[in-house]
Amino acid sequence: MCLLIKNGIVIDPARNIKKNCDVLTENAKIASVGESLESPDAEIIDAAGKIVMPGIVDMHVHLREPGFEAKETIQTGTFAALRGGVTSVACMPNTNPVADNASVINFILNRAKEAGNARVYPVGAITKNSEGKLLSEIAELKDAGAAAISDDGRPVNSAGVMRRAMQYASMLDLPVISHCENLDLAGEGVMHEGAVSTALGLKGIPASAEEVMVARDIILAEETGCRLHIAHVSTARSIQLVREAKARGVNVTAEVAPHHFTLTHEAVKGYNTFTKVNPPLREAKDVEAVKEGLADGTIDVIATDHAPHTMEEKDVEYDLAPFGIAGVETAAGLIWNELVKPGILNVEDAVAKITLNPARILGICAGTLVPGMPADIIAIEPNKEWEVDPEFFAGRSKNTPFAGKKLTGKVLITILNGIMVYKH
Amino acid sequence: MTLRGKDLIGIEHMSEMEIQYILDTARPMKEIISRPIKKVPTLKGRTVANVFYEPSTRTRTSFELAAKYLSAEGVNVSGSASSVSKGESLKDTARTLEALGADVIILRHPMPGAAAMMAQTVPFPVVNAGDGAHEHPTQSLLDLFTVQEVKGTIKGLQIVVVGDIMHSRVARSGILAFKKMGARVSVCGPTTLVPPGIEELGARVYNNLDEALDGADIIYVLRIQKERQEEGLFPGLREYARLYGINKERLKLASSEAVVMHPGPVNRGVEITCDAADCKQSVIQAQVNNGVAVRMAVLYLLARGGEASSVPVD
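In this text the structure is predicted, and so the values were computed from the model without any measurement.

On to the interface of chain B and chain A. Between chain B and chain A, the contact holds 18 residues from the first and 14 residues from the second. In this assembly, chain B and chain A are joined by one salt bridge. Between Asp315 of chain A and Lys91 of chain B there is a salt bridge whose closest N-O contact spans 2.6 Å. Run the count over chain B and chain A and you get five residue pairs in polar contact (both at pLDDT 80 or more). Looking at the side of chain B that touches chain A residue by residue, the classes come out as ten nonpolar, four polar and four charged.

Turning our attention to helix 2 (residues 58-69) of chain B. Residue and element names in this part refer to chain B. For helix 2, with twelve residues, the first-to-last C-alpha span of 16 Å sits near the 16 Å given by 1.5 Å per residue. Taken together, the buried positions of helix 2 are occupied by Thr59, Arg60, Ser62, Phe63, Ala66, Ala67 and Tyr69. Positive backbone phi, approximately 70°, marks Ser71, located one or two places after helix 2.

All names here are of chain A. Judged by pairing direction, the sheet is parallel, and its eight strands sit side by side in the order 6-7-8-9-10-13-14-15 without closing on themselves. In the strand order of this sheet, the two ends are held by strand 6 (56-61) and strand 15 (301-302), each with one partner. Sheet analysis places strand 8 (residues 119-124) next to strand 9 (residues 148-150), joined by two bridges and oriented parallel. Looking at strand 9, one finds that Gly124 is bridged to Ile149.

Moving on, we get to the pairing of strand 2 (residues 73-78) of chain B. Residues and elements named next belong to chain B. Where strand 1 (residues 47-52) and strand 2 come together, six bridges link them in parallel fashion. Among the inter-strand pairings, Val48 is bridged to a residue of strand 2, identified as Gly74. Between strand 1 and its parallel partner strand 2, the chain crosses via helix 2, and the hand of that crossover is right-handed.

For an interface, size is often stated in terms of accessible area lost upon the parts coming together. Residues and elements named next belong to chain A. When its domains are assigned, chain A resolves into domain 1 (2-51 + 374-423) and domain 2 (55-362). Placing a centre on the C-alpha atoms of domain 1 and another on those of domain 2 gives a separation of 25 Å. With 36 residues of domain 1 at the interface, the matching set in domain 2 holds 48 residues. Between domain 1 and domain 2, roughly 3,300 Å² of surface is buried when both sides are summed, and carbon and sulfur atoms account for 66% of that area. Interface area lost by domain 1 to domain 2 is led by Arg396, Asn399 and Phe402, which between them contribute 20%. Between Asp376 and Arg119 there is a salt bridge whose closest N-O contact spans 2.6 Å. There are 18 residue pairs in polar contact (both at pLDDT 80 or more) connecting domain 1 and domain 2. Only strand 16 (377-387), strand 17 (406-416) and strand 18 (419-423) provide two or more residues apiece to the side of domain 1 that touches domain 2. If you tally residues by element for the side of domain 1 that touches domain 2, the top one is strand 17, at eight residues. Among the residues forming the side of domain 1 that touches domain 2, the class breakdown is 22 nonpolar, eight polar and six charged.

So, about the layout of surface pockets. All names here are of chain A. Quantified by volume, the largest pocket comes out at close to 1,400 Å³. Of the residues in the lining of the largest pocket, the class split is 18 nonpolar, 17 polar and 15 charged. Of the volumes computed, that of the second largest pocket is approximately 570 Å³. What lines the second largest pocket is a set of 30 residues, among which Asn94, Gly153, Arg154, Asn278 and Phe323 lie closest to the centre. Looking at side-chain class alone, the lining of the second largest pocket contains eleven nonpolar, twelve polar and seven charged residues.

The next subject is the domain arrangement of chain B. All names here are of chain B. Domain assignment breaks chain B into domain 1 (16-136 + 288-303) and domain 2 (138-287). Computed from C-alpha coordinates alone, the two centres of domain 1 and domain 2 are separated by 25 Å. The partner domain 2 presents 28 residues to the 28 residues of domain 1 that form the contact. The contact between domain 1 and domain 2 buries some 2,300 Å² in all, and 55% of this surface belongs to carbon and sulfur atoms. Of all residues in domain 1, the largest losses of buried area upon contact with domain 2 belong to Ile19, His136 and Asn290, amounting jointly to 26% of the total for that side. On the surface where domain 1 and domain 2 come into contact, there are three salt bridges. Among the salt bridges present, the one from Glu149 reaches Lys30, with a minimum N-O distance of 2.7 Å. Applying the counting criterion to the domain 1 and domain 2 interface returns 22 residue pairs in polar contact (both at pLDDT 80 or more). Sorting the residues of the side of domain 1 that touches domain 2 by element identifies helix 1 (16-33), helix 2, strand 3 (104-109), strand 4 (126-131) and helix 12 (284-303) as the ones contributing at least two each. With eight residues, the single largest contributor to the side of domain 1 that touches domain 2 is helix 1.

Residues and elements named next belong to chain B. Applying the stated criterion across every chain, the model contains eight cavities of 30 Å³ or more. Estimated volume of the largest cavity: approximately 80 Å³. Along its surface, the largest cavity is lined by Arg58, Ser62, Gln139, Leu142, His262, Pro263, Gln287, Val288, Gly291 and Arg295. With four residues, helix 12 is the largest single contributor of residues to the lining of the largest cavity. Residue classes in the lining of the largest cavity are distributed as three nonpolar, five polar and two charged. Here the lining of the largest cavity spans two domains, and each of domain 1 (16-136 + 288-303) and domain 2 (138-287) adds at least three residues to it.

Moving on to a nonpolar patch on the surface. Residue and element names in this part refer to chain A. A cluster of nonpolar side chains, namely Met1, Ile419 and Val421, defines an oily patch on the protein surface of about 280 Å² accessible area. Checked against the element boundaries, Ile419 lands in strand 18. Given a relative accessible area of 46%, Ile419 falls into the partly exposed group.

Here we come to the sheet that holds strand 6 (residues 184-188) of chain B. Residues and elements named next belong to chain B. Taken together, the five strands give an open sheet; going across it, the order is 7-6-5-8-9, and neighbouring strands pair in parallel fashion. Only two strands of the sheet have a single neighbouring strand rather than two, namely strand 7 (203-206) and strand 9 (259-261). Ignoring which end each strand starts from, the neighbouring axes of this sheet average 20° apart. Looking at chain direction, strand 5 (residues 158-162) and strand 6 are connected through five bridges and run parallel. In the strand pairing of strand 6, Val160 is matched with Ser186.

All names here are of chain A. With nine bridges connecting them, strand 1 (residues 2-12) and strand 2 (residues 17-26) associate as antiparallel partners. Paired with Ile11 across the two strands is Lys18, which belongs to strand 2. Counted along the chain from strand 1 to the antiparallel partner strand 2, the turn is four residues long, and its residue Asn16 has a positive phi close to 50°. Where strand 2 lies against strand 3 (residues 29-34), five bridges are found, and the strand directions are antiparallel. Bridging from a neighbouring strand, Thr25 pairs with Ile30 of strand 3. Between strand 2 and strand 3, which follow one another and run antiparallel, lie two residues, and Asn27 among them has a positive phi close to 55°.

A few words on the nonpolar core. Judged by nonpolar contacts, the single largest core of 85 residues is most densely connected at Met53, Ile230, Phe261, Leu294, Ile302, Ile335 and Trp336 of chain A. Ranked by size, the runner-up nonpolar core spans 67 residues in total, among them Ile19, Leu43, Ala171 and Val259 of chain B.

Moving on to helix 13 (residues 347-354) of chain A. Residues and elements named next belong to chain A. Counting buried positions along helix 13 yields six of eight residues, so the element is predominantly enclosed. Residues of helix 13 that are buried: Val347, Ala350, Val351, Ala352, Lys353 and Ile354. Two or three places before Glu348, at the start of helix 13, stands the capping residue Asn346, its side-chain oxygen 3.2 Å from that residue's backbone nitrogen.

Conventions and cut-offs
Residues numbered from 1 in each chain as written. Chains lettered and ligands numbered in written order. Predicted model: local features only at pLDDT ≥ 70, side-chain atom pairs only at ≥ 80, totals over all residues. Heavy atoms only, no water. Contact = heavy atoms within 4.5 Å. Salt bridge = Lys/Arg side-chain N within 4 Å of Asp/Glu carboxyl O. Polar contact = N/O pair within 3.5 Å; in protein donor to acceptor, adjacent residues only side chain to side chain. Nonpolar A, V, L, I, M, F, W, Y, C, P; charged D, E, K, R; others polar. Helix = DSSP H or I, 4+ residues; strand = E, 2+ residues; numbered from the N terminus. Expected span 1.5 Å × (residues − 1). Buried < 20%, exposed > 50% of the residue type's maximum accessible area, 1.4 Å probe, protein only. Pairing = 2+ DSSP bridges. Right-handed = clockwise from strand over helix to strand, strands pointing away. Domains from an automatic or database assignment. Buried area = accessible area lost by both parts, 1.4 Å probe. 1 Å grid on protein atoms, 1.4 Å probe; cavity = no way out; pocket = protein on both sides within 12 Å on 5 of 7 lines; lining within 4 Å. Points joined across faces, edges and corners; volume = space filled by probe spheres on them. Patch = residues over 30% accessible without salt bridge, like charges linked within 9 Å, V, L, I, M, F, W, Y side chains within 5 Å. Areas by Shrake-Rupley, 256 points an atom, 1.4 Å probe, with all protein chains shown as cover. Axes fitted to C-alpha atoms, helices over the stretch in contact; angles between N-to-C directions. Core = buried A, V, L, I, M, F, W, Y, C linked by side-chain atoms within 4.5 Å.

Dropping the structure here:
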């Protein structure tokens, strides 16, 4: 089975390729990238005017299985991913049971295999039951297939535990993904602390709740030599801390979620619980800083923090709703609409931040069109206008603050393992 | 004239004209409750549901009496006694009350946005009787009414709101209400009880009470909740009273005609001393009395149904 994708604008950051040419797949692998390719038995896809790039690697997704199948399952989440152009996901361990041992990792990998959708790279828990106290059996997690460790959603509040986790993970060369949130400072906050929380009477989460943890974890990474990846940075000072750490050679990378470069805390006015997310939507100056951080390379990765929740859970008072936005099906559209179209990121950098960079951080075989790599390819129509309609989401949950938003840039084709699995 | 929305959720969305319209409507209501027989048939046959998810004595009683004086049927639903404790959602409670035939819901709820949520769920009026730290619009309307009675006008007055601004819906509604009516508004409290960005609502911020009181026409004292000290938001009631307590001496710093207000219940000896709470300048009792008249006006304007040409006086 061969596919020949003709005349696309092919982008492969791994080899600095950006040119009009063809991509040929053979036996589920990339066979070649070049001009005027021919293959007599290949199915031909005309990609004229479209961006042809590696499938998106979304390194921050909550698939909710096992334990929270009403929100999402591995089947629905990975299928939704394909529709968003995402061919590889790293899924967070805050399931029930928590992915803190090999059997849960194996279960996730088996389920993913059965589903046969986007590739799944489980993230193991840093601590047992993500309680922040005792380390998980991290080496066993790695052997079972965990691509990284994280206590996402339940940050490791103890600096001592985090330090030991980093020391241990550095021995295994496993990246530690840190959800930076100081629980004392975050308190019972439900949105960013500032003028809007004050006007709405909602409890605020100060920017410092994130920033002190970013600073702490950078210092610990510097000390231990551990590879640290900061999940979903959202404030100007966090980004500055990462920038300074990188400048002095700390082994740190950072990601941002699309809602953090698209929305500010103003969106919470009206108490729409779909805007309730952690870290919370911040201020305009923070959104600007996120864009600067993306442009200057401080932020390496865009990842969705896809966090599906049911309507029953979200259709309640703001204080009671769970944190999270279902983002896997809107990410590419938001990246093109908010970053590429206005010229904040050139298309090669945008592609790198959702393919090559996350694949390198996770050490996985994805995110490039180098011959011999798995044939995970997508085609994006950069000028296609569309409107977000959660009714058409393939994911089980519809919790998005972007319903009705008009976007320019749409995933038209997703190819996984050399097979076209989605076509708009 | 009519009110624009079907509900009364917050001062934020009201115009100066709407506010004045309610205050003007409250005047004949006050006349009604000063009669020996305080009852008019205006809302006969209508049902007002008092839904209180938080303990409240004066607001609840005030709304209950307002409904009774207008001849409406009242029904009380409390958060602990109802299906709320069985896990029913706020929206379902609203739908249940609708099905039971309520014509108006008065909602007190500990969470911001709850009143707006209920208002979106039912087709009839919802009155916000306090939603968390967000708004408490009828409190501010009765405060405005009281000040208009005493001072004639609100325009140009200087009001200082003293105390726990952070957790106070009375402060938020008050800042908006007094600003809309042309007053200059300051807030004063310790840095840990003044929320960030309160200036954007139009208030000047002071941490020093003596400076804040300079020339003030209205001193609006907020209740300090003892739990806030237990949460570590300020060191102690003794120091609080020393720094932010209103007493007879401090009143001298304000305008000689200044009035003292408090939404109740008063912690005597903490945020205000007895000699200040009970002095001639205090209008705390008038506030309570006016609360009934203002809530009658609100119920009348929202629940009368259709357009009425004038305010009923009998």
